[in-house]
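Results of the structural survey
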Amino acid sequence: MEFVTNNAGELLITLGLVLLIIEAALLGFSTFILTFVGLATVVTGILVYAGSLPVQLMPILLTTAICTTVFALILWKPLKRFQNRQDTHNVKNDFIGMEFVITEGIDAGTSTTHKMSGVQWQVRSNATIPAGASVAVTATEVGILWVKPAN
């Protein structure tokens with residue numbers, strides 16, 4: 001017990017860093033509770049280490065709780081925006097520009113299928129393309145090839 005009271009600041013800082021590592025590495029910021037508690041524990045540890053806070057259970061718990069609340073109020077929206085960020089740029093892949101012949105005609109409201117690389121793809125287009133026409137892939141989505149008539 002003497003070890004804990006003599007090294008309370010260092011132990012709190014270490015505990016806070018461990019919580020932050022668990023949140024980032026294992027949970028991938030899926031919950032923010034460990035982030036807020038970890039930051040609050042680090043701040044409390046710094047206050048104990050600096051001698052600004054007595055090494056007693058109630059002041060340490062109270063300071064950690066207050067700091068957790070403050071961090072939650074300040075960081076909730078920015079972390080939520082960070083968590084919900086989505087990539088919107090189109091990815092260039094090897095299928096773009098590939099040409100093949102479609103067996104069924106398609107237009108803006110219909111699609112057909114084409115087997116390529118062992119996968120049965122849906123083929124869609126914004127233009128009307130007759131059956132037997134040569135098409136070129138312009139974009140891809142999950143399971144979908146967007147095509148246009150080949151030149």
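Higher on the page you've got the structure.
To start, this report covers the structure provided alongside it. (Residues numbered from 1 in each chain as written. Predicted model: local features only at pLDDT ≥ 70, side-chain atom pairs only at ≥ 80, totals over all residues. Heavy atoms only, no water.)

1. Digging into the overall build of the chain
- The number of helices and strands found in the chain is four helices and five strands.
- Helices and strands appear in the chain in the N-to-C order α-α-α-α-β-β-β-β-β.
- The buried share of the chain, taken over its 151 residues, is 27%.
- Per element, the accessible surface of the chain, about 10,000 Å² overall, is 64% carbon and sulfur.
- Between the centroid of the 8 positive side chains of the chain and the centroid of its 9 negative side chains there is a distance of 8 Å. (Helix = DSSP H or I, 4+ residues; strand = E, 2+ residues; numbered from the N terminus. Buried < 20%, exposed > 50% of the residue type's maximum accessible area, 1.4 Å probe, protein only. Areas by Shrake-Rupley, 256 points an atom, 1.4 Å probe, with all protein chains shown as cover. Lys, Arg positive; Asp, Glu negative; His and termini not counted. Charge placed at Lys NZ, Arg CZ, Asp CG, Glu CD.)

2. Digging into the pairing of strand 3 (residues 119-124)
- In this sheet, strand 3 lies alongside strand 2 (residues 111-116) in antiparallel orientation, the contact comprising six bridges. Looking at strand 3, one finds that M116 is bridged to V119.
- Between the antiparallel neighbours strand 2 and strand 3 lie two residues, among them S117 with a positive phi of about 55°. (Pairing = 2+ DSSP bridges.)

3. Regarding the environment of M1
- Topologically, M1 is positioned in the segment before helix 1 (2-6).
- In the structure, M1 is positioned 113 residues away from H114 in sequence and 71 Å away in space, judged by C-alpha atoms.

4. Digging into the sheet that holds strand 3
- Read across the sheet, five strands follow the order 1-4-5-3-2 without closing on themselves; strand pairing throughout is mixed. Two strands close off the open sheet at either side, each with one partner strand: strand 1 (99-101) and strand 2. The sheet shows a mean angle of 45° between the axes of neighbouring strands, direction not considered.
- One ladder, built from three bridges, connects strand 3 with strand 5 (residues 144-149); its direction is parallel. Across the sheet, residue Q122 finds its bridge partner in strand 5, namely I144. (Axes fitted to C-alpha atoms, helices over the stretch in contact; angles between N-to-C directions.)

5. What about helix 2 (residues 8-26)?
- Between its first and last C-alpha atoms helix 2 spans 26 Å; for 19 residues at 1.5 Å apiece the expected length is 27 Å, and the two agree.
- Phi turns positive one or two residues past the end of helix 2, at G28, with a value near 60°. (Expected span 1.5 Å × (residues − 1).)

6. Section: the nonpolar core
- Counting 13 residues, the largest nonpolar core has F100, I102, I129 and V147 as the members making the most contacts within it.
- Membership of the second largest hydrophobic core comes to five residues, among which are A8, V48, L53 and I60. (Core = buried A, V, L, I, M, F, W, Y, C linked by side-chain atoms within 4.5 Å.)

7. Thoughts on the packing of aromatic side chains
- A full pass over the atoms with the stated rule returns four aromatic pairs.
- Ring geometry for F36 versus W76: centroids 6.4 Å apart, planes at 45°, classification tilted. Of this pair, F36 sits in helix 3 (residues 33-50) while W76 sits in helix 4 (residues 57-83), and the two are 40 residues apart along the sequence.
- Centroid distance F95 to W121: 5.2 Å. Interplanar angle 75°. Geometry classified as edge-to-face. Here W121 lies in strand 3 and F95 lies in the loop between helix 4 and strand 1, a separation of 26 residues in the sequence. Residues F95 and W121 agree in their burial class; the two are buried.
- Taken together, the aromatic side chains of F32, F36 and W76 make up a single cluster linked through ring pairs. (Phe/Tyr/Trp six-rings, centres within 6.5 Å; stacked < 30°, edge-to-face > 60°.)

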